[in-house]
Amino acid sequence: MNEQNIPLDVQTRVAELHDILNRANYQYYVLDTPELPDAEYDRCLRELQKLEQEYPSLVTTDSPTQRVGAEPLSAFTQVRHELPMLSLDNAFSDEELQDFDRRIRDRLNSQNAVEYACEPKLDGIAVSLLYRNGVLERAATRGDGTVGEDITQNVRTIYSVPLKLLDGDVPPVLEVRGEIYMPKAGFAELNDKARAAGEKLFVNPRNAAAGSLRQLDPKITARRPLQLCVYSVGLVEGGELPERHTDILEQLNRWGFRINSEMAVAEDIDACIDYYRKLGEKREQLPYDIDGIVFKVNSIPLQKRLGFVARAPRWATAYKFPAQEEMTKLLDVEFQVGRTGAVTPVARLEPVFVGGVTVSNATLHNRDEIARLGVKVGDTVIIRRAGDVIPQVVSVVESRRPDDARDIEFPDHCPVCDSPVEATPGEAVARCSGGLICSAQRKQAIKHFASRKAMDIDGLGDKLVEQLVDEGLLHSVSGLYHLELDALVALERMGEKSAQNLLDALEKSKDTTLPKFLYALGIREVGEATARNLARHFGELDALMQADTEALQQVEDVGPVVAHYVAEFFEQPHNLEEIEALKQAGIRWPAEEQQGGEQPLAGQTWVLTGKLETLSRSEAKDYLQRLGAKVAGSVSANTHTVVAGPGAGSKLNKARELDLPVLDEEALIAMLRERGIEI
Ligand code: JCF
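Residues numbered from 1 in each chain as written. Predicted model: local features only at pLDDT ≥ 70, side-chain atom pairs only at ≥ 80, totals over all residues. Heavy atoms only, no water.

Undergrad: Can you tell me about the overall build of the chain, naming the residues and giving the values?
TA: When helices and strands are tallied, the chain shows 24 helices and 24 strands. Dimensions along the principal axes, computed over C-alpha positions, put the chain at roughly 95 × 55 × 55 Å. Within the chain, buried positions represent 48% of all 679 residues. Looking at the chain, you have 78 positive and 108 negative side-chain charges, and the mean spots of the two groups are 4 Å apart. (Helix = DSSP H or I, 4+ residues; strand = E, 2+ residues; numbered from the N terminus. Buried < 20%, exposed > 50% of the residue type's maximum accessible area, 1.4 Å probe, protein only. Lys, Arg positive; Asp, Glu negative; His and termini not counted. Charge placed at Lys NZ, Arg CZ, Asp CG, Glu CD.)

Undergrad: Explain the state of the cysteines to me, using residue names and the numbers behind them.
TA: By definition, a disulfide links the sulfur atoms of two cysteines through a covalent bond. The full count for this structure, using the stated rule, is 0 disulfides. For the unlinked cysteine Cys-432, the closest cysteine sulfur is that of Cys-417, found at 3.6 Å. Owing to a relative accessible area of 6%, Cys-432 belongs among the buried residues under this scheme. (Disulfide = S-S within 2.5 Å.)

Undergrad: So what's going on with the pairing of strand β17 (residues 380-384)? Which residues, and what values?
TA: Remember that side chains alternate between the two faces of the sheet whenever the strand is regular. For β17, the buried fraction is high: 4 of the 5 residues fall into the buried class. Here 5 bridges tie strand β14 (residues 325-337) to β17, and the two strands are oriented antiparallel to one another. For Lys-329, the partnering residue across the bridge sits in β17 and is Thr-380. When β17 meets strand β18 (residues 392-396), the two strands line up antiparallel, connected through 4 bridges. Bridged to Ile-383 within β18 is Val-393. (Pairing = 2+ DSSP bridges.)

Undergrad: Lay out helix α15 (residues 496-509) with the relevant residues and their values.
TA: Relative to the 20 Å expected for 14 residues at 1.5 Å per residue, α15 spans 20 Å between its end C-alpha atoms, a close match to the ideal helical length. Every buried residue of α15 is listed here: Ala-499, Leu-502, Leu-503, Ala-505, Leu-506 and Ser-509. On an axial view of α15, the arc spanned by its buried residues comes to 160 degrees, and they lie on one face. Away from the buried face of α15 by more than 90 degrees, exposed residues Glu-496, Lys-497 and Lys-508 are located. Close packing links the buried residues of α15 with α13 (462-470) and α14 (485-489). (Expected span 1.5 Å × (residues − 1). Arc of directions from axis to C-beta. Contact = heavy atoms within 4.5 Å.)

Undergrad: Please set out the environment of Leu-506 residue by residue, giving values where relevant.
TA: Tracing the backbone shows Leu-506 in helix α15. Separated by 446 residues in sequence, Leu-506 and Thr-60 place their C-alpha atoms 76 Å apart. If we skip the residues at most four places from it in the chain, Leu-506 touches Ile-457, Leu-480, Tyr-481 and Leu-483.

Undergrad: Mind laying out the nonpolar core, listing which residues take part and the relevant values?
TA: Core analysis: the biggest nonpolar cluster contains 53 residues, and Ile-457, Leu-480, Tyr-481, Leu-518 and Leu-534 have the highest contact counts within it. Taken together, the elements giving at least two residues each to this core come down to α12 (439-450), α13, α15, α16 (514-520), α17 (528-538), α18 (541-546), α20 (560-571) and α21 (573-584). Broken down by element, this core gets its largest block of residues, 7 residues, from α20. Taken together, domain 4 (435-509) and domain 5 (514-584) each give at least three residues to this core, which thus spans both. Ignoring anything within four residues of it in the chain, the contact list for Leu-534 reads Leu-518, Val-526, Gly-539, Leu-544, Leu-552, Val-555, Val-558 and Val-566. Counting residues in hydrophobic clusters, the runner-up holds 35 residues, among them Val-161, Leu-163, Leu-249 and Phe-257. (Core = buried A, V, L, I, M, F, W, Y, C linked by side-chain atoms within 4.5 Å. Domains from an automatic or database assignment.)

Undergrad: Lay out the site of the ligand in plain terms, naming residues and giving numbers.
TA: Around the ligand, the neighbouring residues are Leu-86, Leu-88, Glu-119, Pro-120, Lys-121, Leu-122, Glu-179, Tyr-231, Val-294 and Lys-296. Here Glu-119 contributes a side-chain N or O atom positioned 3.0 Å from an oxygen atom of the ligand. Lys-296 has a polar side-chain atom sitting 2.7 Å from an oxygen atom of the ligand. Notes on the ligand: free accessible area 360 Å², of which the protein chains cover 92%. (Near = heavy atom within 4 Å. Polar contact = N/O pair within 3.5 Å; in protein donor to acceptor, adjacent residues only side chain to side chain. Areas by Shrake-Rupley, 256 points an atom, 1.4 Å probe, with all protein chains shown as cover.)

Undergrad: Go over the domain arrangement of the chain with me, naming the residues and quoting the values.
TA: By a frequent convention, interface size equals the accessible area lost on bringing the separate parts together. As assigned here, the chain comprises domain 1 (3-66), domain 2 (89-320), domain 3 (324-432), domain 4 (435-509), domain 5 (514-584) and domain 6 (605-674). The centre of domain 3, based on its C-alpha atoms, is set 33 Å off from the matching centre of domain 5. Facing the 4 residues of domain 3 at the interface are 4 residues of domain 5. Summing both partners gives a buried area of about 260 Å² for domain 3 against domain 5, and 41% of it is carried by carbon and sulfur. Summed over the three residues of domain 3 that lose the most area to domain 5, namely Arg-339, Thr-340 and Arg-431, the buried surface amounts to 85% of that side. (Buried area = accessible area lost by both parts, 1.4 Å probe.)

Undergrad: Quick one: what's the story with the pattern of salt bridges, residue by residue and with numbers?
TA: Counted under the stated rule, the structure contains 34 salt bridges. Between Glu-119 and Lys-296 there is a salt bridge whose closest N-O contact spans 3.8 Å. In this pair, Glu-119 sits in strand β3 (residues 116-122) while Lys-296 sits in strand β10 (residues 290-297), placing the two residues 177 residues apart along the sequence. Assessed through its relative accessible area of 7%, Glu-119 is described here as buried. (Salt bridge = Lys/Arg side-chain N within 4 Å of Asp/Glu carboxyl O.)

Undergrad: Quick rundown of the sheet that holds β10? Include the residues and the values.
TA: With mixed pairing, the 5 strands of this open sheet are ordered in space as β2-β13-β10-β3-β9. Of all strands in the sheet, those bounded by a partner on one side alone are β2 (89-91) and β9 (264-266). Strand-to-strand twist of the sheet, defined as the mean angle between neighbouring strand axes without regard to direction, takes the value 35 degrees. Here β3 pairs with β10 via 7 bridges, running antiparallel. Pairing of Lys-121 across the sheet is with Gly-292, part of β10. Relative to the sheet, helix α3 (residues 94-108) contacts β2, β3, β10 and β13 (316-320), its axis offset from that of β13 by approximately 175 degrees. (Axes fitted to C-alpha atoms, helices over the stretch in contact; angles between N-to-C directions.)

Undergrad: Tell me about the environment of Leu-235, and name the residues and values.
TA: Here Leu-235 lies in strand β8 (residues 227-237). For the pair Leu-235 and Leu-130, spaced 105 residues apart in the sequence, the C-alpha separation amounts to 8.4 Å. When sequence neighbours within four positions are dropped, the list of residues in contact with Leu-235 reads Glu-82, Leu-83, Val-173, Leu-174 and Glu-175.

And the structure:
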């Protein structure tokens, strides 16, 4: 590069700008603690771009301007890994993990506990990054472990990949290994955009990451929300590294790499098992997909003594979580009718063990979803069950479609009451038009009425509601309060004691609150929060029942759609009759304190994160809501304040990123007390 005719002050300034921008990237993308305001970052970047335009010989491969994506390639070239990239042995039970530990201690001839490094196993694409004199020279996929593909151009576009390492004291040759992955939020956003554009969706974040890295045009990769997290070093020439794996990772972090924030040291294998359990509980809340936990002997000298078998190290293993996706066969599709008449297609599946349970049903949502999946009865499908979420059909394995696969036909009459099924324009859902004539809708309405957050009728489970409706003992919600002991005892599987318990629970449920009663009515789009707002705003049921849509829209968070459903509900004679019958049966609630003007937090959205020690989370939420705040699950620019307790993670980071006010629990309690809440 010819720097001779570039003025010295320009060279100095360019070096300074590199430094400012590299540090800002590191703060923002690696440490999650941004320091430089966005506007200042943009000014520096533009200044650098301008200088590079003026003096093109200043453009180096490690310049912070070189992340936007170079010219497309025609093919990827192959790369041989000088040190093979290893795979990991697996463990699937505590016993197998203990066997792993025992083998290690046997081999080391030691009775002593072995210290392990623990980290989540990211579900992404393994890569190798080669730095020469601290500058990124080449990035490659793992491939088969010996030969991978050169994806340097694409990897450069990922902001958490340092183009140049930060600290001066870096070995002249340093190969760093890690996982490139797509965080869940970025994946959801990418698919939302693809859906809106009518494009094909990605099946899962791992697939999306792989597809993004495989682009020949780096400009496409540049638009994908990819992350790098590093987990070990490969080739190192010159320079010394620490003797513990976790210390090496800390060093890599100081050089500019993101390492996993859940990384921990376990003093023995039992502590590893605890860690596995803890992370298993946290798995859903993590902002990225993981498929297990990696345990590594933490001492590098011990790792060296243990060595390798075939392609995997003896000193590491991956203890896998139950798979969240499995393949099975779609045997049939049935149609269920919900409380509001929504006709939902339900997949009947060949039972399959996924996400820790055996699944034989999965929702197909609606007609659009069936069309999107292109699924037919007889297909082999991929089922996903993550956490406690209901199982989903995520895709079809088209290559396994049998010749006799048949299309799924949507019914035009209700499978339960035979009333016409109507599609609402602009809505994906089709609904049975039978209303409460339809026993399916009646059953759902009663189940909802009895549920815990509604009238909380102990002992009235779903099965019993179905039995009562099917036997003709129950026709409506108010009918619950006219059930008689003899009739109940005559039911199959119902003893006198349970029958009496049920009658007692019904009696007890009569003492309720207006918000619960409103929620129990099952008005469309009226969830707990809306019911509470309605009750507070109107104070009493009669005022609410007489409100027109305009008056209803004065209520917090009630827009035209909800107002329409509420008004419509109270216009229907049979609903009015039901309400009257319920009052006659003795349902009562204390007067609601009307709080129109006394909601100091009205219009504010609060977020609770981390552990609370004095209050329970639901108490804190309830107090905030009483003062008029909305309590949301995620932090955004609309968030007013974040309450963070110990263990707060990504939400707190986000709050800092957005410069939002953050309170600890003590400050929250003080604020609540100041506003008249007694704690
Ligand atoms: O996060 C991962 N997927 C991951 C893969 C983490 C590790 O510490 C690994 C790995 C593959 C091989 N360690 C090795 C040795």
